[in-house]
Amino acid sequence: QVQLVESGGGLVQTGGSLRLSCAGSGRTFSSYHMGWFRQAPGKEREFVTTITGRGGSTYYADSVKGRFTISRYNTKLTMYLQMNSLKPEDTAVYYCAADFRGTVATMALPTQWRYWGQGTQVTVSS
C-alpha cells in the first residue's frame with residue numbers, strides 16, 4: 001500500500017510562485033512513477049506533469065511547460081512541483097499520483113494511476 005500526502009498549497013497572486021510537496025511511503029520510493037494532476041471546479045481531473053522513478057525523464061502539459069518543474073528526491077521520499085508565473089487558470093486542487101505499472105510517457109490519464117494523495121488547494125488571484 002502506497003500513501004501519498006501533499007502539502008504546500010495556498011493563495012497566491014498572479015505571477016507568483018508556490019512549491020508543492022508530495023511525501024510518499026509504503027514501498028521503495030524510487031520504484032514507482034509519480035505525477036501531478038489537477039482538478040478545477042466543474043472540470044475533470046487533468047494531467048500536469050509526470051516523472052520516472054529515478055527522475056531521469058519528465059513530461060509536462062503544454063499549459064504549464066516552461067512555468068512548472070517537477071522533481072523528486074528519493075532519499076527524502078518526496079516529490080516536488082515548483083510552480084512559477086502562476087495564472088488564475090492554474091487555480092485547482094492539485095493531486096499527486098503514483099504507480100508501479102506502465103510507461104510513464106504514456107500515462108496522461110488519471111485512470112492510469114493507482115495511488116493518490118488527498119489533494120492540496122492552489123488558488124491564484126487576479
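Per chain, residue numbering runs from 1 following the sequence as it is written. With the structure being a predicted model, the display of local features is reserved for residues of pLDDT at least 70 and the display and counting of side-chain atom pairs for 80 or more, all residues being used for whole-chain, interface and lining totals. To get the side-chain values, all heavy atoms of the structure are used, and hydrogens and water are removed first.

Asks: Before we move on, can you summarise the overall build of the protein chain with the specific residues and values?
Replies: Secondary structure elements follow DSSP: runs of H or I no shorter than four residues count as helices, runs of E no shorter than two count as strands, and numbering proceeds from the N terminus. The secondary structure content of the protein chain amounts to 0 helices and 11 strands. Each helix and strand of the protein chain, ordered N terminal to C terminal, gives the series β-β-β-β-β-β-β-β-β-β-β. Radius of gyration (C-alpha) of the protein chain: 13 Å, near the 14 Å computed for a compact globule of 126 residues. The buried share among the 126 residues of the protein chain stands at 44%. Of the contacts formed within the protein chain by residues at least 6 apart in sequence, a portion of 59% connects residues at least 24 apart. All accessible areas in this document rest on Shrake-Rupley with a 1.4 Å probe, and a residue is counted as covered only by the protein chains that are shown. If you sum the accessible surface of the protein chain, you get close to 6,300 Å²; carbon and sulfur atoms cover 48% of it. Positive charges are assigned to Lys and Arg, negative charges to Asp and Glu, while His and the chain termini are left out of the count. Throughout, a charge is located at the NZ atom of Lys, the CZ atom of Arg, the CG atom of Asp or the CD atom of Glu. Looking at the protein chain, you have 13 positive and 7 negative side-chain charges, and the mean spots of the two groups are 9 Å apart. In this description the radius of gyration comes from C-alpha coordinates, and the expected globular size is given by 2.2 Å times residues to the power 0.38. For each residue, the accessible area found with a 1.4 Å probe, counting protein chains only, is set against the maximum for its type, and the residue is called buried under 20%, exposed over 50%, and partly exposed in between. Residue contacts follow a heavy-atom distance rule, with two residues in contact if any of their heavy atoms lie within 4.5 Å.

Asks: Tell me about the environment of Ile-51, and please be specific about residues and values.
Replies: Counting through the fold element by element, Ile-51 comes out in strand E5 (residues 46-51). According to the relative accessible area criterion, Ile-51 is buried, its value standing at 2%.

Asks: Let's hear about the packing of aromatic side chains: which residues, and what values?
Replies: Centres within 6.5 Å are what make two rings of Phe, Tyr or Trp a pair, Trp counting through its six-membered ring; a difference in plane orientation under 30 degrees is then read as stacked, over 60 as edge-to-face, and the rest as tilted. Summed over all chains, the structure comprises 8 aromatic pairs. Between Tyr-95 and Trp-116, the ring centres sit 6.4 Å apart and the planes meet at 85°, which makes this aromatic pair edge-to-face. Remark: Trp-116 occurs in strand E10 (residues 115-116) and Tyr-95 occurs in strand E9 (residues 92-99); sequence separation between them is 21 residues. Classification of Tyr-95 as buried rests on a relative accessible area of 14%. Members of the aromatic cluster, each reached through a chain of ring pairs, are Phe-37, Phe-47, Tyr-95, Trp-113 and Trp-116. Over the aromatic face of Tyr-95 sits the side chain of Arg-45, whose NZ or CZ is 3.6 Å from the ring centroid. Cation placement over rings: the criterion is NZ of Lys or CZ of Arg within 6 Å of the ring centroid and within 35° of the ring normal. Above the plane of the ring of Tyr-73 lies Lys-76, whose end atom (NZ or CZ) is 5.8 Å from the centre.

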